[in-house]
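Below, each chain spelled out in residue letters.
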Amino acid sequence: MPELPEVETVCRGLDKVYQGQTITKVEYRRPNLRLPLPPQLPKLAAGKKIEKIYRRAKYALLDIQGGNTILLHLGMSGRLVFGKGERHLDKHDHVLVHFKNAPTLIFNDPRRFGVLDVCKTTKIADHALLKNMGPEPLEKDFTAAYLYAATRGKKGPIKPFIMTNAVVVGVGNIYAAESLFKAGIKPTRASGSLTKTECSKLVKAIQEVLKAAIKAGGSSIRDYVQTDGTVGYFHSQFMVYGRKGAACKICGSTIKEIVQAGRSGCYCPKCQK
DNA sequence: CCTTGAACCTGCGGGC
DNA sequence: TGCCCGCAGGTTCAAG
């Protein structure tokens, strides 16, 4: 489930629970996820308080005492769950963070596309995983003028383009499809063919879709963090994603599916030009 | 330079 | 019931 709205929601929820809490121990149950787990982290984190938890792109960032920041990426299947006692550990519970006076935080990730790393807080923007990231979609530097300039001369299709982190972060497969529907733009359009007006519509659509999803996610953070996250609370809001063959909620046309850059996506052939 | 495709993993649902 | 196949919210790297 981890797209930007989920990560944002998780960060807000975690911050409430863990800000000011003292880590007693970081425990690895395997040596790596997508990348090796940082061997220095358990020593760096033991006895340190968490100062704050926030988000950049799809990374959760945890500032800890001593000037270090933990980077956490949930990949495709990562979840953060509260510990219920070690007897209930799942085979995909890879990292456990124990606290002096708060529930154990467990990083569970069956597919192991997730990432955990640590670096100096002052160097966070230069971290290899973050340094080439484009603007945040909900910040003021992500504008129609920016997107228009970025798309000039680009021949590739717009959907994979807006999913590129160097262009804008946090727009995953679901919200790319939903945003393009909302903006009335066909996912196969050459990026460079978008007019200024269309860029403006697309920026607005991305922002509105993400904000709405964050709002919906906010109501499900408890389920998401405390249980196994099985809920599909936002599915009912999807206009196109996962709706291949179904009727468009606006015009009734049959929703079509296409594969672009290895990712399948849906669109309405009538509403999207 | 740009774009596409494969690779990294496990689990689940559908078809037979 | 069970096996095989395709597919899944992300990112990176190599090849064309």
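Definitions and cut-offs
- Starting from 1, residues in each chain are numbered consecutively following that chain's sequence as written.
- Chains carry letters and ligands carry numbers; both start at the beginning, A for chains and 1 for ligands, and go up in the order they are written.
- Given that this is a predicted model, residues contribute local features only at a pLDDT of at least 70 and side-chain atom pairs are listed and counted only at 80 or more, while totals for whole chains, interfaces and linings are drawn from all residues.
- Excluded from the side-chain calculations are hydrogens and water; all other atoms, namely the structure's heavy atoms, are used.
- DSSP bridges decide pairing: two strands pair if at least two such bridges lie between them.
- Runs of H or I in DSSP of at least four residues are treated as helices and runs of E of at least two as strands, each being numbered from the N terminus.
- Note on geometry: axes are C-alpha line fits, over the in-contact stretch for helices, and angles between N-to-C directions span 0 to 180 degrees.
- Working rule for contacts: check all heavy atoms of both residues, and any pair within 4.5 Å makes them a contact.
- Nearness here has a simple test: a residue counts as near a molecule or strand if at least one of its heavy atoms is within 4 Å of that partner.
- Whenever two N or O atoms come within 3.5 Å, that pair is a polar contact, provided that in protein one can donate a hydrogen and the other can accept it, and provided that, for residues adjacent in sequence, both atoms are side-chain atoms.
- Three classes are used, and their members are as follows: Ala, Val, Leu, Ile, Met, Phe, Trp, Tyr, Cys and Pro are nonpolar, Asp, Glu, Lys and Arg are charged, and the others, Gly among them, are polar.

Caption draft 1: Broad picture of the sheet that holds strand 6 (residues 93-99). The strand order across the open sheet formed by four strands is 1-6-7-5, and the pairing between neighbours is antiparallel. Only two strands of the sheet have a single neighbouring strand rather than two, namely strand 1 (23-28) and strand 5 (79-82). Sheet twist, expressed as the average angle between the axes of neighbouring strands with direction ignored, equals 20°. Relative to strand 7 (residues 105-108), strand 6 is paired through four bridges, and the arrangement is antiparallel. Within strand 7, the position partnered with valine 95 by the bridge is phenylalanine 107. Helix-sheet contacts for helix 1 (residues 4-18) involve strand 5, strand 6 and strand 7, and the interaxial angle to strand 5 is about 30°.

Caption draft 2: Representation of the protein's contact with DNA strand C in the model. Near DNA strand C there are 19 residues, and of these Lys58, His73, Tyr241, Arg263 and Ser264 occur at the shortest range. Close to the protein, within 4 Å, the atoms of DNA strand C belong to sugar or phosphate groups at a rate of 56%. One nitrogen or oxygen atom from the side chain of glutamate 3 is found 3.5 Å from a sugar or linking oxygen belonging to DNA strand C. Note that a phosphate oxygen of DNA strand C is positioned 3.5 Å from one of the side-chain N or O atoms of asparagine 165. Broken down by secondary-structure element, the contributors of at least two residues to the surface near DNA strand C are helix 5 (173-183) and strand 10 (263-267).

Caption draft 3: Highlighting the protein's contact with DNA strand B. Taken together, Lys91, His92, Pro110, Arg111, Arg112, Phe113, Lys154, Lys155, Gly156 and Pro157 form the complete shell of residues around DNA strand B. If you look at DNA strand B and keep only atoms within 4 Å of the protein, 58% of those are sugar or phosphate atoms. Arginine 111 places a side-chain nitrogen or oxygen 2.8 Å from a base oxygen of DNA strand B. Of the residues that constitute the surface near DNA strand B, the class distribution is three nonpolar, two polar and five charged.

Caption draft 4: Geometry of the environment of alanine 125. With respect to the element layout, alanine 125 can be found in the loop between strand 8 (115-120) and helix 3 (144-151). Between the C-alpha atoms of alanine 125 and aspartate 15, which are 110 residues apart in sequence, the distance is 20 Å. Dropping the residues within four chain positions of it, alanine 125 is found in contact with Leu130 and Lys131.

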